[in-house]
Amino acid sequence: ASGSRDSCIKIWDPRQQYSVAMLGQIVPNAPEAPNTVKDPSTALSKSTGHQATVTGIAFQDNALLSCGLDRQLLLWDLRRISEDPMHSKPVKAISLAANLMPMEVQLGSVPQLVAIMGAEPASCLFYVSLVDESVMPVCNFAQSNRRFHHMAWNRDKSVLFAVGDDPIVDCFRSFL
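Below: a short report on this structure. All residue numbers here refer to positions counted from 1 along the written sequence of the relevant chain. Only residues with pLDDT of 70 or above have their local features reported here, since the model is predicted, and side-chain atom pairs are shown and tallied only from 80 upward, although totals for entire chains, interfaces and linings are computed over all residues. Side-chain descriptors were evaluated using all non-hydrogen atoms of the structure, hydrogens and water having been removed beforehand.

Turning to the overall build of the protein, a few remarks are in order. The secondary structure content of the protein amounts to 0 helices and 16 strands. Burial classes: relative accessible area under 20% of the type maximum marks a residue as buried, over 50% as exposed, and values in between as partly exposed (1.4 Å probe, protein chains only). Per-residue burial for the protein yields a buried fraction of 42% across its 176 residues. Pairs of residues are marked as contacts when any of their non-hydrogen atoms sit within 4.5 Å. Contacts in the protein between residues at least 24 apart in sequence constitute 39% of all its contacts with a sequence separation of at least 6. In these tables, accessible area is a Shrake-Rupley quantity obtained with a 1.4 Å probe, and a residue counts as shielded only by the protein chains included in the view. In the structure as shown, the protein presents an accessible area of about 9900 Å², 53% of it carried by carbon and sulfur atoms. For helices the rule is a DSSP run of H or I covering at least 4 residues; for strands it is a run of E covering at least 2, with both sets numbered from the N terminus onward.

Rendered as structure tokens:
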């Protein structure tokens with residue numbers, strides 16, 4: 001799968017040279033009245049999925065989780081792609097606070113826990129519950145100058161690993 005500036009997520013079949021499905025849908029705006037000047041900023045409108053660049057994608061079983069510059073976490077059920085491969089809709093959408101810009105996402109123990117890395121504030125790590133949509137910092141960042149660039153769960157999703165500017169790998173236990 002890939003996400004990009006067009007705010008859509010494309011699902012690729014490695015045996016093909018094209019995408020086989022698209023999550024999110026770009027649809028044209030309503031037709032304009034005759035003799036009006038077309039505004040290029042409104043040429044396309046978004047009806048489902050992300051409203052801005054997709055910054056992170058994670059898979060687990062039949063679930064795909066995406067995050068984007070629209071400050072949204074979207075959970076997709078990949079089994080629904082067969083219903084309408086080019087117009088799938090997310091099964092869950094979580095709007096994040098205005099001060100949290102998600103750049104990377106990792107699925108933990110679905111559907112309970114997600115880890116996100118934000119560009120704001122200062123590449124911090126957060127846990128997000130997909131059940132009650134609560135957002136909790138992974139550690140006390142007020143006491144840390146750490147900037148993280150990548151994260152990954154261990155096999156059983158009980159430990160989150162994060163790497164940053166220095167050669168240290170931080171390990172954080174899942175709270176669930």
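As a further point, take the sheet that holds strand β15 (residues 159-164). Each strand in a sheet pairs with its neighbour through backbone hydrogen bonds, running either in the same direction (parallel) or in the opposite one (antiparallel). Strand pairing requires that DSSP identify at least two bridges connecting the strands. The strand order β14-β15-β16 describes an open sheet built from 3 strands, whose pairing is antiparallel. Among the strands making up the open sheet, the edge pair consists of β14 (148-153) and β16 (169-173). Between one strand axis and the next, the sheet turns by 25° as a mean value, whatever way the strands run. Two elements, β15 and β16, share 5 bridges in a ladder whose sense is antiparallel. Note that in β16 the partner of F161 across the bridge is C171. Here the axes come from fitting lines to C-alpha atoms, over the contacting stretch only for helices, and the angles between their N-to-C directions go from 0 to 180 degrees.

Moving on: the environment of A119. Position of A119 relative to the elements: it lies in strand β11 (residues 113-120). Residue A119 is classed as partly exposed on the basis of its relative accessible area, which comes to 35%. Spatially, the C-alpha atoms of A119 and R147 are 9.2 Å apart, while their sequence positions differ by 28 residues. Apart from the residues lying within four places of it in its own chain, the contact partners of A119 are M101 and M103.

Here the focus is the sheet that holds strand β3 (residues 19-23). Spatially, β1-β2-β3 is the arrangement adopted by the 3 strands of the open sheet, whose pairing is antiparallel. Pairing within the sheet leaves two strands with one partner each, and these edge strands are β1 (2-3) and β3. Bridge analysis of strand β2 (residues 9-12) against β3 gives 4 bridges, and the strand direction is antiparallel. What sits directly across from W12, in β3, is S19.

Backbone phi values are negative for most residues with the exception of glycine, while trans is the configuration of most peptide bonds. Of note, R71 is a non-glycine position whose phi angle comes to about 65°, a positive value. Relative to the helices and strands, R71 is located in the loop between β7 (63-68) and β8 (72-77). We note that K157 has phi near 65°; this positive angle belongs to a residue other than glycine. Among the secondary structure elements, K157 is positioned in the loop between β14 and β15. Relative accessible area serves as the criterion here: at 24%, K157 is assigned to the partly exposed category.

On to the side chain of D70, then. Here D70 is to be found in the loop between β7 and β8. Residues contacting D70, with those up to four places away along its chain left out, are H50, Q51 and A52.

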